[in-house]
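Now for the letters of each chain:
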Amino acid sequence: WGPFILLILCYASNIIFLFFENLSQDTKSLAMSKACSMVSTMWSSYISFWHGQTFTGLENIPKTGGAVIVWYHGPMPVDYFGLIAEVFQRDGRIINTVVDKCLLRVPGLGRVRKYLRCGAFSKVQCAGLLDDGELVGLAPGGSREALFDDSYSVCWRQRVGFAKIAAFTQSPIIPVFTENIRLSYCTMLSAGAVWRTLFEVTRLPIVPIYGGFPVQVTTHIGSPIMAREGETLMQLQERVKMAMMDMIRT
């Protein structure tokens, strides 16, 4: 039932944004700021109550200026929702989140995507956001990592997009890992080969997910990593990956 609660909270968030949108057409108005505050409070209250989410290293996320937040993708991104809420409540900043294109087709969540700035942003768009001093959050492992990485092996393959935009804009990369995230939500292990084949063919996250167990989670935010002169994108990706794996081992 846990995943369904998260879905209900998503639609509740959409209703809140829709209500306040009707009060003002200006998305930067006080009304929409109030809506974002209500939504962040709702999410942080649920996650704090049910999962007791705490944070270490939150000071590593800058209060001003651009940064790439690279996070480990658990079966359900409840921990990342909590991070978005925490950063907004601390700084009034919204993390621009890169999501899979299939999530853009989920009906009834248009306002959530708009006001929480979720989209299938291109590298050019991400670079533009960073140049404007915005925060950009992404999970290089994507759905594959979320659904099939039962051993916390960090499934990034050859993905270096985040390294490219960080090096191009000279923005820090901040690794984020949440302890116990795969204990609070789990993917179905039975018939694993079948689910994996379906995913690789359709690219749709159709593996059954269960959980919502009241497991305490701790989100660890690592030290910023900057691109080095003469470093290749794969070398930068590997350094960030090693930092993530060090956090996981710890």
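Remember, it's a predicted structure, so these values are computed and weren't measured experimentally.

**Describing the pattern of salt bridges**
- Tallied over the entire structure, the rule returns seven salt bridges.
- E134 is paired through a salt bridge with R117; the nearest N and O atoms lie 3.2 Å apart. Of this pair, E134 sits in the loop between helix 5 (123-131) and strand 5 (135-138) while R117 is found in the loop between helix 4 (110-115) and strand 4 (118-119), placing the two residues 17 residues apart along the sequence.
- Given a relative accessible area of 32%, R117 falls into the partly exposed group.
- Across the pair E231 and R239 runs a salt bridge whose closest N-O atoms are separated by 2.7 Å.
- The network of salt bridges with shared partners includes E21, R111 and K114.

**Structural notes on the side chain of N96**
- One can find N96 in strand 3 (residues 96-98).
- At 3.4 Å, the side chain of N96 forms a polar contact with the side chain of E134.
- Residues in contact with N96, not counting those within four places in the same chain, are R117, F121, L129, E134, L135, V136 and G137.

**Focus on the side chain of R113**
- Counting through the fold element by element, R113 comes out in helix 4.
- The residues contacting R113, other than those within four sequence positions of it, are L103, L104, V106 and C118.

**Notes on the sheet that holds strand 2 (residues 67-71)**
- Ordered in space as 1-9-6-2-5-3-4, the seven strands form an open sheet in which the pairing is mixed. Two strands bound the open sheet, and with one partner strand each, they are strand 1 (54-56) and strand 4.
- Note: strand 3 against strand 4, two bridges, orientation parallel. Residue V98 lies in a different strand from strand 4, and its bridge partner there is G119.
- Relative to strand 5, helix 5 is tilted by about 140°, and along the sheet it contacts strand 2, strand 3 and strand 5.
- Against the sheet, helix 10 (residues 233-249) engages strand 2, strand 6 (173-179) and strand 9 (218-221), with an angle of about 30° to strand 6.

**A look at the nonpolar core**
- In this structure, F17, V68, F162 and I173 are the most contacted members of the largest nonpolar core, which totals 48 residues.
- The element best represented in this core is helix 2 (residues 30-51), accounting for eight residues.
- Excluding anything up to four places from it in sequence, I173 contacts V68, V70, F162, A163, A166, S223, P224, I225, L236 and V240.
- Core analysis: the next-biggest nonpolar cluster, separate from the first, contains 15 residues, A67, Y80, L83 and V176 among them.

Analysis parameters
- Residues numbered from 1 in each chain as written.
- Predicted model: local features only at pLDDT ≥ 70, side-chain atom pairs only at ≥ 80, totals over all residues.
- Heavy atoms only, no water.
- Salt bridge = Lys/Arg side-chain N within 4 Å of Asp/Glu carboxyl O.
- Helix = DSSP H or I, 4+ residues; strand = E, 2+ residues; numbered from the N terminus.
- Buried < 20%, exposed > 50% of the residue type's maximum accessible area, 1.4 Å probe, protein only.
- Polar contact = N/O pair within 3.5 Å; in protein donor to acceptor, adjacent residues only side chain to side chain.
- Contact = heavy atoms within 4.5 Å.
- Pairing = 2+ DSSP bridges.
- Axes fitted to C-alpha atoms, helices over the stretch in contact; angles between N-to-C directions.
- Core = buried A, V, L, I, M, F, W, Y, C linked by side-chain atoms within 4.5 Å.

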